[in-house]
Amino acid sequence: MKKIAILGSTGSIGTQTLEVVREHSDELSVTALAAGTNKERLLEQIREFHPSLVSLSDEKMALELKRELEGTGVEVLSGMEGLIAVAGMEESDIVVTAVVGMMGILPTMEAIKKGKDIALANKETLVTAGHLIIPMAKEYGVSILPVDSEHSAIFQCLHNARKQDVDSILLTASGGPFRGKSLEDLSKVTLEDALRHPNWSMGQKITIDSSTMVNKGLEVMEARWLFDVDYSRIQVVVQPQSIIHSMVQFVDGAILAQLGTPDMKVPIEYALFYPERRSLAGERLDFGTLKSITFEKPDYNVFRGLALALEAGKAGGTMPTVFNAANEKAVAKFLRKEIGYLDIIRLIEKCMDAHQVKATPSLEEILETEQWVYSII
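Owing to the predicted nature of the structure, the values given are computational and were not obtained by experimental measurement.

J.: Sorry, what's going on with the packing of helix α14 (residues 319–335) against helix α16 (residues 363–376) here?
T.: The geometry of a pair of packed helices is captured by two quantities: the angle between their axes and the separation between those axes. Two numbers describe how α14 lies on α16: the axes approach to 9 Å, and their chain directions differ by 40 degrees. Accordingly, the angle class assigned to the pair α14 and α16 is oblique. Read as a crossing pair, α14 and α16 show a hand that is right-handed. Contacts between α14 and α16 involve T321, V322, A325, A326, E328 and K329 from the former and I366, T369, E370, W372, V373 and Y374 from the latter. Considering only residue class, the contact of α14 with α16 consists of seven nonpolar, two polar and three charged.

And the structure:
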């Protein structure tokens, strides 16, 4: 029985992880859950999956939950302390990090120090602190198993491949709801427009990031750390049908691709059972009815967020933190309808232009940089 802790259990990835657990209840069990503010959903999860430790981000809600669970033996914590405790829980074998944002860094580090394998869905951890996380994982003998569909696809294509045989990584993107649109078109985009992704069902923040293609830029930065490749060897390819989830080109010109329906439970299950595979109910590709698989180059002028992400990644140091933090704050403002759609990218560029890069930042300097960004937006 593999024992799982989930950070972000009430979000999109967290709930789908629990669907996988439900399908494989004879092999997977839940030891600990951490959520944001969705107390009622967490309570439902507790009653079904019986973790012994849970946490909510809000202290007041956590106290309410503690009263509701009195006599059950379930320990209830809150805030960052709770996240860290869930991540480092002794009984767990693997930690699914599905929280959004840089709050995932400290819990991920705690899990690594406690020798837990990481099923990574929190891309910001590597984007901002990859230079700290990857060496730490090697030091503690911990596996970092990607849960993003694109990174899982690359991970699968690289299975048993030698590093010297890899030429480049082809990271696919759907293009989001605004593929083919002009800047003038984007100036008229509403919140409701941006939340309508054509292929994937995701949380609000990542759906907005997908529409701006900022998400793809974050994925490029994450891929650089996960697969130890230079930015010059990572290419973004728009694949609108979301059938090919990513590809790897080898030095002899051969290309391996991972294909499938757009279902996040596939990479989640692969990470939980790696290196083995398990059966999974769901839709299958039908090549008899699949009309075509098409490809395009991304428009870096219209989707300026992708271009800025590549600039941030190549600058390195604290610049990826600036890019990520500015995007987080700007998207939050857009979701509250405080700014327009194109203002998201304008705010990112403003912060990047104002920043002096620190080349090899400590964790403290990364967190200070995040707060600096928040103070100017």
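Let us keep going from here.
J.: Sorry, what's going on with unusual backbone geometry here?
T.: Trans is the common state for peptide bonds, and a negative phi is the common state for residues other than glycine. Looking along the chain, the bond that leaves Y274 and enters P275 is cis, with omega of 10 degrees. Note that P275 resides in the loop between α12 (265–273) and α13 (304–315). For K337, which is not glycine, the phi torsion reads 65 degrees and is therefore positive. Structurally, K337 can be placed in the loop between α14 and α15 (343–354). Look at K337 and you get exposed, because its relative accessible area is 57%.

J.: Any chance you could explain helix α11 (residues 214–226) here in plain terms?
T.: Because each turn of an α-helix spans 3.6 residues, side chains separated by three or four positions end up pointing in the same direction. The terminal C-alpha atoms of α11 lie 18 Å apart, and with 13 residues this matches the ideal 18 Å at 1.5 Å per residue to within 8%. Counting buried positions along α11 gives eleven out of 13 residues, so the element sits mostly inside the fold. Looking at the residues trailing α11, positive phi occurs at D228, about 55 degrees.

J.: How do you make sense of the sheet that holds strand β2 (residues 28–35) when you look at a structure like this?
T.: Consider a sheet: its strands pair through backbone hydrogen bonds, and that pairing is either parallel or antiparallel. Spatially, seven strands are ordered β4-β3-β2-β1-β5-β6-β7 in an open sheet, and the strand pairing comes out parallel. The sheet is open, and its two borders are formed by β4 (75–78) and β7 (144–146), each paired with just one other strand. Averaged over all adjacent pairs, the angle separating strand axes in this sheet is 25 degrees, with direction ignored. Of the strand pairs in this sheet, β2 and strand β3 (residues 53–56) are connected by four bridges, and their pairing is parallel. In the sheet register, A34 faces β3, and the bridge partner there is S55. Packing of helix α5 (residues 105–113) onto the sheet brings it into contact with β1 (2–7), β5 (94–97) and β6 (117–120), and relative to β6 it is tilted by some 150 degrees.

The rules behind each value
Counting starts from 1 at the beginning of each chain's written sequence and moves along it residue by residue. For this predicted model, a pLDDT threshold of at least 70 governs which residues receive local features, and a threshold of 80 or more governs which side-chain atom pairs are given and counted, while totals over whole chains, interfaces and linings are taken from all residues. Each side-chain value is derived from all of the structure's non-hydrogen atoms; neither hydrogens nor water enter the calculation. Whenever a helix is involved, its axis is fitted only over the stretch in contact; in every case the axis is a line through C-alpha atoms, and angles between N-to-C directions fall within 0 to 180 degrees. Strands here mean DSSP runs of E at least two residues long; helices mean DSSP runs of H or I at least four residues long; both are numbered from the N terminus. Throughout this description, any angle smaller than 35 degrees is read as roughly parallel, any larger than 145 degrees as roughly antiparallel, any in the 65 to 115 degree range as roughly perpendicular, and the remainder as oblique. Each helix crossing is assigned a hand: it is left-handed if the near helix lies turned anticlockwise from the far helix by less than a right angle, otherwise right-handed if that turn is clockwise. Between two residues, a contact is recorded if the distance between any of their heavy atoms is within 4.5 Å. Residue polarity follows a fixed list, in which Ala, Val, Leu, Ile, Met, Phe, Trp, Tyr, Cys and Pro are nonpolar, Asp, Glu, Lys and Arg are charged, and the others, Gly among them, are polar. Residue burial is assigned from relative accessible area. The probe radius is 1.4 Å, only protein chains are included, and a residue is buried under 20% of its type maximum, exposed over 50%, and partly exposed in between. One fewer than the residue count of a helix, multiplied by 1.5 Å, yields its expected span. Any two strands with at least two DSSP bridges between them are considered paired.

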